[in-house]
Amino acid sequence: MTDTKPKAVRRLGDIVFANLAFFAGVSILATLATVAAFLFAQSVPAFTGPPIDAASEGFFSYVLPFVFGTVYASVIGLAIATPLAVGIALYISHFANRRFAQILGYAVDLLAAIPSVVYGLWGILVLAPFLSPTFNWLNANLGWIPMFAGQVSATGRTMLTVGIVLAIMVLPIMAALIREIFLQTPRLHEEAALALGATRWEMIKMAVLPFGRPGIISAAMLGLGRALGETMAVAMVLSPSAVISFAVLTSTNSNTIAANIALQFPEAGGNYTNLLIATGLVLFAITMVVNMIARWVISRRAEFSGAN
Amino acid sequence: MSKRIELKSLDVYYKAFLAVQDVSMVIEPKAITAFIGPSGCGKSTLIRTLNRMHEVIPGARVEGQLLMDGEDVYGPDVDPVRVRRQVGMVFQRPNPFPTMSIKDNVLSGYKLNNSRMSKAEAEEITEKALVGANLWNEVKDRLEKPGSGLSGGQQQRLCIARAIAVEPDVILMDEPTSALDPISTAAIEDLAVELKEQFTVVIVTHNMQQASRISDMTAFFNIAGSGLPGKLIEYDKTEKVFSNPTEQQTEDYVSGRFG
Ligand SMILES: Nc1ncnc2c1ncn2[C@@H]1O[C@H](COP(=O)(O)OP(=O)(O)OP(=O)(O)O)[C@@H](O)[C@H]1O
Ligand SMILES: [Mg+2]
């Protein structure tokens, strides 16, 4: 051996795989960049061109109610969906017997496959009338909370209905993801907890939930992403007005960005189209900010993640 | 506290499979009892019946009697959770909770019983358990750091600290040093000898020197063939088992002629 630095052996399989992975990664970035560039380019006229009737008071006062509506509806949806998804996932992974868990798992996966138009129809035709009495009750008994105050909508087509529809839409994917994560809890840690004399619930609190925490956050972000961009269900359920209101039971509700684009686009032309695309850019930005926050939350406790 | 454990014709099953058959023995308090025997003879299975961890596996069950200071561990109104709080367990692979700090790991079992404890109390318990596990000096400056950042041997001692923090009556260790280097192994062996001052210690080991070095009593288990149940072949003082066993099988095993 005279060679001090032997050449590393490069296998064909490794090279092929490395390149495939590289191109997959690059193509995602490229797609993202193209979409962003498109949004940017198309948005510019909305700012530089002559004022549009729909946004007579400037772009930001136009878009603000939609930003609010988007975030508010999604947050309500997520606030409902996350605990439910964690509960369903826990039940499937740690409580139900195997047969039943499997059936439940399929049912959850099926829910995910229903198109959102169907959810929208269901929201209008079934959920809204069904919830109406509950809304009245909430308003009568908890009306002192600003959220539940105001004149209750007669149709039940309110922000809360939208939140619930969104929750049901994002629930399956969240539950499925979280279930997978819970199932991966190392047996070793579960047994450590049990051997210390933890009950099943205590074991879940000690070993399963902390282990699954980053996964729960990721799942919530995925759900949030879907909720933020959801178009049809929201567009169908809400009859929007350009307001910012925290009341979730009234008939004056702000619309979401995506639903607004869907509703206005067919009639829009010229600068109006650019205006709508600019709101799309805002949605894009919101989604990015949300994801960055999620990354930060997860990385803050990376030391304790168990991945080391 | 330290308890005497009495096994009376214990049969241990996984579903229909009889893994360990008809074990009767008395495990003495304030002593180290070693379980030795070839792989698959049911040492882990048997030790896990002592704190009712066996039954966490679906379909796993036990027949016969297991008494702890005369009290039936498998009695109809005995809560397995309560049993496990009195019988600590250390596993083959170190398993501190990765999401908890060193201190929280030590306190994790204690918190199950006493959700509200003062800061001073928590610190006292942490220190006592870590000193007891010979780990205090190494970690006292980083109690808030994650337990998974320790070396394997330190993690195993952390697990021992976690087990003794609740002041159990019995400590079970299933091959606690098989994943460790010789120095960490020696540390754990010394620790086991200290622990027997206070606890009943049961240890499973593949390491014959380890068994003869630290244990007072040795139980040799064997299996006649795959699919057959493991049985207790010989149970006696460690010296006797290693120098002058009664059974030929034991003699063969401890002298390294099979297994
Ligand atoms: N979860 C399980 N389900 C079914 N059978 C099992 C299970 N765990 C162990 N067994 C069987 O029980 C028997 C005893 O296994 P056990 O793990 O107790 O052996 P051991 O003496 O601890 O072996 P080793 O020295 O390799 O750790 C083996 O035949 C094994 O295949
Ligand atoms: Mg074993």
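Residues numbered from 1 in each chain as written. Chains lettered and ligands numbered in written order. Predicted model: local features only at pLDDT ≥ 70, side-chain atom pairs only at ≥ 80, totals over all residues. Heavy atoms only, no water.

1. What to know about the packing of helix α4 (residues 116-142) of chain A against helix α5 (residues 159-183) of chain A
All names here are of chain A. Between α4 and α5, the shortest axis-to-axis distance is 9 Å and the interhelical angle comes to 130°. Relative to α5, α4 is oriented oblique. Here the hand of the crossing between α4 and α5 comes out right-handed. Across from Ser116, Tyr119, Trp122, Gly123, Leu127, Ala128, Leu131, Phe135 and Leu138 in α4, the residues of α5 making contact are Leu160, Thr161, Ile164, Val165, Ile168 and Met169. (Axes fitted to C-alpha atoms, helices over the stretch in contact; angles between N-to-C directions. Helix = DSSP H or I, 4+ residues; strand = E, 2+ residues; numbered from the N terminus. Parallel < 35°, antiparallel > 145°, perpendicular 65-115°, else oblique. Left-handed = near helix turned anticlockwise from the far one by under 90°. Contact = heavy atoms within 4.5 Å.)

2. Brief notes about a nonpolar patch on the surface
Taken together, the side chains of A:Val117, A:Val118, A:Leu121, A:Trp122, A:Leu125, A:Val126 and A:Met232 make up a nonpolar region of the molecular surface, amounting to roughly 580 Å² of accessible area. Here the nonpolar patch gets six residues from one element, more than from any other, and that element is α4(A). (Patch = residues over 30% accessible without salt bridge, like charges linked within 9 Å, V, L, I, M, F, W, Y side chains within 5 Å. Areas by Shrake-Rupley, 256 points an atom, 1.4 Å probe, with all protein chains shown as cover. Salt bridge = Lys/Arg side-chain N within 4 Å of Asp/Glu carboxyl O.)

3. Things to note about the interface of chain B and chain A
Between chain B and chain A, the contact holds 27 residues from the first and 23 residues from the second. For the pairing of chain B and chain A, the buried interface totals around 2100 Å² over both sides, and the portion due to carbon and sulfur atoms is 66%. On the chain B side of the interface with chain A, the three residues burying the most area are B:Phe97, B:Thr99 and B:Leu112, jointly 28% of the side's total. Our enumeration of links across chain B and chain A arrives at two salt bridges. A salt bridge links A:Glu202 to B:Arg85; the shortest N-O distance between them is 3.1 Å. When contributions to the side of chain B that touches chain A are tallied by element, the ones reaching two or more residues are α2 (80-86), β6 (87-90) and α3 (102-113) of chain B. Of the residues belonging to the side of chain B that touches chain A, the class tally is 13 nonpolar, seven polar and seven charged. (Buried area = accessible area lost by both parts, 1.4 Å probe. Nonpolar A, V, L, I, M, F, W, Y, C, P; charged D, E, K, R; others polar.)

4. Points about the packing of aromatic side chains
If you walk through the whole model with that rule in mind, you get nine aromatic pairs over all chains. Between the aromatic rings of A:Phe68 and A:Tyr72, the centroid separation amounts to 5.0 Å while the plane-to-plane angle is 25°, which identifies the pairing as stacked. In this pair, A:Phe68 and A:Tyr72 both sit in helix α2 (residues 59-95), four residues apart, roughly one turn of the helix. Summarising the aromatic geometry, the rings of B:Phe220 and B:Tyr253 are spaced 4.9 Å apart at their centres and angled 35° between planes, so their arrangement reads as tilted. Taken together, the positions of B:Phe220 in strand β9 (residues 217-223) and B:Tyr253 in helix α10 (residues 248-254) put the pair 33 residues apart, joining distant regions of the chain. The exposure classification of B:Phe220 matches that of B:Tyr253, with both residues buried. The side chain of B:Arg162 reaches across the aromatic face of B:Phe97, ending 4.8 Å from its centre. (Phe/Tyr/Trp six-rings, centres within 6.5 Å; stacked < 30°, edge-to-face > 60°. Buried < 20%, exposed > 50% of the residue type's maximum accessible area, 1.4 Å probe, protein only. Lys NZ or Arg CZ within 6 Å of the ring centre and 35° of its normal.)

5. A look at the environment of B:Asp169
Residues and elements named next belong to chain B. When you line up the elements, Asp169 lands in the loop between α6 (152-165) and β7 (170-174). Note on Asp169: relative accessible area 8%, which makes it buried. Considered as a pair, Asp169 and Val87 are 82 residues apart in the sequence and their alpha carbons are 5.9 Å apart. For Asp169, the contacting residues outside a window of four places in its chain are Met1, Ser2, Lys3, Gln86, Phe199 and Thr200.

6. Quick notes on the site of ligand 1
Residues and elements named next belong to chain B. Around ligand 1, a shell composed of 13 residues is seen, among which Ser39, Lys43, Ser44, Thr45 and His206 lie nearest. Cys41 is positioned such that a nitrogen or oxygen atom in its backbone is 3.3 Å from an oxygen atom of ligand 1. A distance of 2.6 Å separates an oxygen atom of ligand 1 from a polar atom in the side chain of His206. Considered on its own, ligand 1 offers 630 Å² of accessible surface; in the complex 63% of this is hidden by protein. (Near = heavy atom within 4 Å. Polar contact = N/O pair within 3.5 Å; in protein donor to acceptor, adjacent residues only side chain to side chain.)

7. A look at the environment of B:Gln21
All names here are of chain B. One can find Gln21 in strand β2 (residues 17-27). For Gln21 and Pro229, which are 208 residues apart along the polypeptide, the C-alpha to C-alpha distance reads 5.8 Å. Look past the residues within four positions of Gln21 in its chain and what remains in contact with it is Leu10, Asp11, Pro229, Gly230 and Lys231.

8. Topic: the confidence of the model for chain B
Residue and element names in this part refer to chain B. For chain B, the mean per-residue pLDDT works out to 93, and 99% of the residues sit at or above 70. The secondary-structure element of chain B with the lowest mean pLDDT is helix α7 (residues 182-195), recorded at 90, while strand β3 (residues 32-36) shows the highest, at 97. Two summary scores accompany this predicted model of the complex, namely pTM at 0.83 and ipTM at 0.91. (pLDDT = per-residue confidence, 0-100.)

9. With respect to helix α4 (residues 119-132) of chain B
Residue and element names in this part refer to chain B. When the terminal C-alpha atoms of α4 are compared, their 20 Å separation across 14 residues agrees well with the 20 Å that a helix rising 1.5 Å per residue should span. Ala122, Ile125, Thr126, Ala129 and Leu130 are the residues of α4 that are buried. All buried residues of α4 project into a common sector of 120° when viewed along the axis, lining one side. Those residues of α4 that are exposed and angled more than 90 degrees off the buried face are Ala120, Glu124 and Lys128. Where α4 is buried, its residues contact α3, α5 (136-139) and α6. Just beyond α4, the residue with positive phi is Asn134, at close to 55°. (Expected span 1.5 Å × (residues − 1). Arc of directions from axis to C-beta.)

10. A few points about helix α7 (residues 200-229) of chain A
Counted at 1.5 Å a residue, the expected span for α7(A) with its 30 residues is 44 Å, but the 38 Å between its end C-alpha atoms falls short. If you look at α7(A), its biggest bend is around 55°, right at A:Arg213, and the proline A:Pro214 turns up within four residues after that. (Bend = angle between axes of the 7 residues up to and from the residue.)

11. Here's the deal with the nonpolar core
B:Leu7, B:Met25, B:Phe35, B:Leu46, B:Leu50 and B:Phe221 are the most contacted members of the largest nonpolar core, which totals 113 residues. The greatest single-element share of this core, amounting to 15 residues, is contributed by α2(A). Apart from the residues within four sequence positions on either side, B:Phe221 is in contact with B:Val23, B:Met25, B:Phe35, B:Ile36, B:Gly37, B:Pro38, B:Cys41, B:Lys43, B:Leu46, B:Lys231, B:Leu232 and B:Ile233. Listed in part, the 43 residues of the second largest apolar core include B:Ile36, B:Val90, B:Leu143 and B:Met173. (Core = buried A, V, L, I, M, F, W, Y, C linked by side-chain atoms within 4.5 Å.)

12. Remarks on unusual backbone geometry
All names here are of chain B. Residues other than glycine seldom take positive phi values, yet Glu167 does so here, at roughly 50°. Classification of Glu167 by relative accessible area gives exposed; the value is 51%. Despite not being glycine, Glu175 has its phi angle at roughly 45°, a positive value. For Glu175, the position within the fold is in the loop between β7 and α7.

13. Quick notes on the pattern of salt bridges
Summed over all chains, the structure comprises 17 salt bridges over all chains. Its salt-bridge partner being B:Glu28, residue B:Arg4 comes within 2.9 Å of it at the nearest N-O pair. Of this pair, B:Arg4 sits in the segment before β1 (5-14) while B:Glu28 is found in the loop between β2 and β3, placing the two residues 24 residues apart along the sequence. The partly exposed category is assigned to B:Glu28, whose relative accessible area is 28%. What you see here is one network of salt bridges that share partners, running through A:Arg187, A:Glu190, A:Glu191 and B:Arg48.

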